[in-house]
Amino acid sequence: MSNDSARLQLTGGARQRVRRERLYRYLLLACASATVVVTGSIIFTLAFDAVQFFGMVDPVDFFIGTEWITDRGQFGVLPLVSGTLLVTVVAGLVAIPVGVLAAIYLSEYASPRARAVLKPALELLAGIPTVVYGYLALIYLTPFLRSLGIDLGTFNVLSAAIMVGVMVIPMVSSLSEDAMSAVPDALREGGFALGATKFQVSVGVVVPAAISGVFASFVLALSRAVGETMIVVMAMGLRPRLFDLGSPLTSLQESGQTMTSAMVQAVTSDVGAASPTYKSMFALGLTLFAITFLLNYLSNWFAGRYREEYN
Amino acid sequence: MAQDYRPDRDSSAFSGQTGVNRLRGRVFEWVTLAATAFGLVMVTVLLAYVFTDAVRPFTADAGWYLVYAATVFAPAGALLAYYYRTPEPAGDVALSATGLPVVGLVAGAAIAVLFIEVATPADWFGLVVAVLLAGAVVVAHQRLRPTAALERLLVVALAPVLTVVGIPALAVDVALTSPYTATEILTIAFATPELLSSVGAFVRPVVSPVPGWLLLVTSLTLPAAVLFGRVVVRRRDDGRGLPETVAGAVVLTTAAPVAAPLVGLAALHWVVLATAAVLPTAVYLERVLRRRSGLLGLLFPVALAVGVAAGAVLTDAFGFAGPASWLDWSFLTSPTSITPEKAGIYPPLVGSVLMLLVIVALVFPAGVGAAIYLEEYAPDSGPAGRLVSLVEINVGNLAGVPSVVYGLLGLALFVKGIGLETGIVLVGGLTVGLLVLPIVIISSMEAIRAVPDSLRQASDGMGATRWQTIRCVVLPQALPGILTGTILALGRAIGETAPLLMIGAAASVRLAPNGFFDKFSAMPRQIFAWSSEFDPDFRFGVLAAGVVTLLAVLLLLNGTAIVIRNKYQQRD
C-alpha cells in the first residue's frame, strides 16, 4: 500500500483518486470473493436440506442400508455407491491405460506437427456435451456391443461406463502429457547415455519421473467419472443394484443406478418438496460434493509435487 | 544371447532387460499411437453414424452429388490446393472472408430471433435512448464538475439504472424459516409504488407509429456503423473511413423495404442480418483491398456462393432429389411435435440463446473481475497471500465439482432461496453461469498472467495508477485471451444438461420463451427428452438432427474462439 500512495503522489495525489482506486479494488475483491461464496453456499444449501433429510431417515440406515427404494422409504445408499464405483472403475480401466499411452506418444514419440494436431483434437473430446455421449452410448454403442455377442440389456452399465471412460481420456492424457513434458531432458539424455533404448527411457525414466503428475491426472479423471450424470442417466437405466460379487459380469450387463442419476430421478419424479425422496437429493449431493472435492484436492496435491520438482 | 555376457550391458542401469530390442520399441510406439487414436476414432465413427442418421445422405440421387461435386467441391478443392501451395496469406484471407459472413449471419439470426421473441424494435429503441441519455448525463457532469470524482462514480452508477429501469414498483416478501422448528425467524414484506418510469416507457408510445425496421436502422445499425467506422479510421493512415462506413451502412439498411422482399425476408430481418453479417465483412474487405495481399483468397467465398447457387439451379432443372434430411429449415423453425416429421427444435434453440445472454451479462463480468483481482491486486505473500492461494485452489476445485451439484445449488439458491419460479430462463442462466464461472476465472487469469510485466512497469513509470494500468494496458493486451476463454466457457454452458434437469427446465415447450422470466427448454434438455421416445424415427432421426444442431453451434463457438486465439498468437 505504501508504494501505491507514493505512486499516486506523482500524479498530483488527489484524494478522490486514492478513494476511487480503493473502490475499484474492493469491487474486484468482491468478484473474487464470489467464488468463496459459491463454495460456501454449496456446502450450506446442501447441508441445510441434508440435515432435514437425516431428521427423517436414520444416518446409519442411509450409509449401510442395502436397498434404495424411495417409494417404500428405504434409503440405503450402498447400491448407489456400488453403481458409481462400478462405473468409475470400468471408466478408469478404459481411460487410464489409453490416456497414459497417449500421453507417452504425445510427449515422447510424436513429431511437433503431429502433436500440434493431436493434442487439441483429444481435448475436443472433453468439449463434447455429455448428453451427446449418453446418446451415443444408448443408441449406437449398446447395439454395437450386442452385435459383438455380448448379452446386454437396453440400459446397461458396460456401455455407459465405456463412454464415461472415453470422455475422461483427454483428462488423463492432457495432464499426464504436461507432467511428462516437464521432465527435464537431462534425465532422458542420462538414460540414453547409459545405453537405454527409447522405449526403456520412456517407460523406465520419463514415466517414473512424472509419476506424481500422472497420478494427479488419474485422480482428476476418476473424480470426473464419479460426478458424471447424463451418460449414466441415459444409458445405464434407473435401477439401483448392489454389485453382485458372485457374478461380477452380470452386474455390467444389467442396468444400474449411480448417485448422480438417483438425484436426477428424485428431482424429475413428482414428489413434494418436503418428502424424504426430495431431501435425499441433498444428502446424495453432499456426499458427491465431498468425494469430488477430496479427489480434486488430492489431484492438486499430486500435481503440486511434480511442479515443485521440475518447474 | 551373446549380449548377456558383455559386462557393459550388465553394468547398465537397465541390466534387467536383454539388450537392444528394436521390435519391442516399434511395437510400443505403435501401441501408444493406437491409444492416442482410440478415443478420436471411436467418437468420429459414432458421430459419422449420427450425421448419417440426421442427414440421410443415401436418400439423395447420385446426380445430385455429381452436380454439387462439379459446382462446389471441384472449384473449392482446386482453390484450397492453390492456397496451400502459395506463400501468400491467401488461405487466411479465404478463411476469414468465408467465416466472417457465416458467423455474422448466425449471430444476426440469433439477434433477429430476439427481436421476434423477446423485445420489439421500439423496446430496443427506448433502451438505446436511455443509455445515450445516461451517457449524456455522465459527460455533462464531467464537464460541469470535473474534480468531483467520487460524485461522478455515483452518477456513473445511478444514471444508467434510473434511465433504463426507472424506480419501479417493488414488492418484497421474504420469510426465513428455521429448518428445525419450522418457525419463522424473520419476515420482510413491503411494497412501494412506481416512483419514476423508465425512459423507454416515455419513448415507446412516441416511436410506435414508426416502422420497426427504421427504428433498428437508427438504434442498431447506426451505432454499429459508428463503431466499425472508428475501427477503420484507426487502421488507416489517412484517418478517413468513418463517414463512408456510416453512409454505406445506412444506404444498405434503408434499402430494406425494396431489397428484403426480393430475397424473401422481412425488412426488419434484412436490417439485422445486414448489420451483423455485411458490415463486419465489408470492414474486413476494406483492409484486404487496401493491403493488397492475399487478394486471391477472396475468390473462395465467391466460388462457394456461386457454386451453391449454380448447384441449386442445376439440380432443380434436372429434377435431382437431395437427401431427405431430418435436419432442415423446418426442423430449425418449428416446435417439437408428436409426429417425428413435424418435430423441430426452435423453442429450445431460443431458450439456449437467452440462457447464454444471461450468462454473458451476469456471470462474465464477475469472472473477469475476480481474475483481475487475483492476478493484479491480490497479495502473494504473508497470511493474506496464503488466503489468496487458498482462494485460487478453491477456484480450481470448483471447476471440478459435478454439474449436477451446481444444479442442486441453483435449485436451493434461486428457486427455494430467492423464490424465483422453477425452470425459467433466468434461473437456468444463473445456475449454468455459476458452473462456468471458475472456467472463466481460470482462463482470464491465464490471459492476464501472459501480459508481460514490462508493460505494467512502463505504465507505472509514467505515473499511472494501478487501475489506469489495468484498464489501459493490461486489459487491452489480455482481451483476446479472455475472449477465447469466455467463448469456450459458453461452449461448455450450451451443452450442460444435468443442471437444467435439477432446476426443472421443461422437457419441451411449444412456444419459445418471450423473456427472462418465462419457462424454457434448452437444446440438450430437448435432446434428452427425445432420447426416451420409443418411435425409431425419433430415436434415430429427430434425435440425431438435434445432436447435429447442438454440435454445429458448439463447433461455430469453438471455431471462433480458436481463430481469435491463433490470430493474436501470431501477432505476438
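Everything in this summary refers to the structure shown in the same document. (Residues numbered from 1 in each chain as written. Chains lettered and ligands numbered in written order. Predicted model: local features only at pLDDT ≥ 70, side-chain atom pairs only at ≥ 80, totals over all residues. Heavy atoms only, no water.)

1. Some remarks on helix α3 (residues 62–85) of chain B
Residue and element names in this part refer to chain B. Keep this limit in mind: A run of H or I in DSSP counts as a helix once it spans at least four residues, and a run of E counts as a strand once it spans at least two, with each numbered from the N terminus. To estimate the expected span of a helix, subtract one from its residue number and multiply by 1.5 Å. Fitting one axis to the seven residues ending at a residue and another to the seven starting there, the bend at that residue is the angle between the two axes. When a residue's accessible area, from a 1.4 Å probe over protein chains only, is under 20% of the maximum for its type it is buried; when over 50% it is exposed; and in between it is partly exposed. Contacts are assigned to residue pairs with any non-hydrogen atoms lying within 4.5 Å of each other.
Taking 1.5 Å of rise per residue, the 24 residues of α3 would be expected to cover 34 Å, and the 32 Å separating its terminal C-alpha atoms lies within 8% of that figure. Residue A69 marks the point of greatest curvature in α3, where the axis turns by about 45°. Every buried residue of α3 is listed here: G63, V67, Y68, T71, V72, A76, L79 and Y83. Tucked inside the fold, the buried residues of α3 contact α4 (90–117) and α12 (299–318).

2. A look at the side chain of T45(A)
To keep it simple, the criterion reads: What qualifies as a polar contact is a pair of N or O atoms within 3.5 Å, subject to a donor-acceptor requirement within protein and to the restriction that residues adjacent in sequence count only when both atoms come from side chains.
Relative to the helices and strands, T45(A) resides in helix α2 (residues 15–56). What makes T45(A) buried here is its relative accessible area of 8%. A polar contact of 3.2 Å, which involves the side chain of T45(A), links it to the backbone oxygen of I42(A). If we skip the residues at most four places from it in the chain, T45(A) touches F282(A), L409(B), A412(B) and L413(B).

3. A closer look at the interface of chain A and chain B
Rules: Buried area counts how much accessible surface, traced with a 1.4 Å probe, disappears from two parts once they are put together, with both parts' losses summed. Salt bridges are identified by distance alone: a Lys or Arg side-chain nitrogen within 4 Å of an Asp or Glu carboxyl oxygen.
Taken together, the contact pairs 92 residues of chain A with 89 residues of chain B. Across the interface of chain A and chain B, roughly 7900 Å² is buried in total on both sides, 75% from carbon and sulfur atoms. Our count for the contact surface shared by chain A and chain B stands at 1 salt bridge. Across the pair K416(B) and D49(A) runs a salt bridge, and its minimum N-O distance is 2.6 Å. Summed over the shared surface of chain A and chain B, the number is 6 residue pairs in polar contact (both at pLDDT 80 or more).

4. Focus: the environment of M230(A)
On the secondary structure map, M230(A) appears in helix α11 (residues 230–235). Along the chain, M230(A) and G134(A) lie 96 residues apart, while their C-alpha atoms are 6.0 Å from each other. Sequence-distant contacts of M230(A), defined by excluding residues within four places in its chain, comprise T130(A), V131(A), T497(B), A498(B), L501(B) and F528(B).

5. A look at the packing of aromatic side chains
Residues and elements named next belong to chain A. Put simply, the test is: Stacked, tilted and edge-to-face are the three classes assigned to paired rings of Phe, Tyr and Trp, where Trp is represented by its six-membered ring and a pair needs centres within 6.5 Å; plane angles under 30 degrees give stacked, over 60 edge-to-face, the rest tilted.
Evaluated as defined, the whole model comprises 27 aromatic pairs over all chains. Centre to centre, the rings of F62 and F63 are 4.9 Å apart; their planes meet at 80°, and the pair counts as edge-to-face. With a relative accessible area of 1%, F62 lands in the buried category. With 5.4 Å between their ring centres and 85° between their planes, W68 and F75 make a pair best called edge-to-face. A residue is classified by how much of its surface remains accessible, and W68, at 7% relative accessible area, is buried. Overall, F75 belongs to the buried group, its relative accessible area being 4%. Within the aromatic cluster, the residues linked to one another by ring pairs are F53, F54, F62, F63, W68 and F75.

Note that every value here comes from positions in space, so none of it alone points to a role or purpose.
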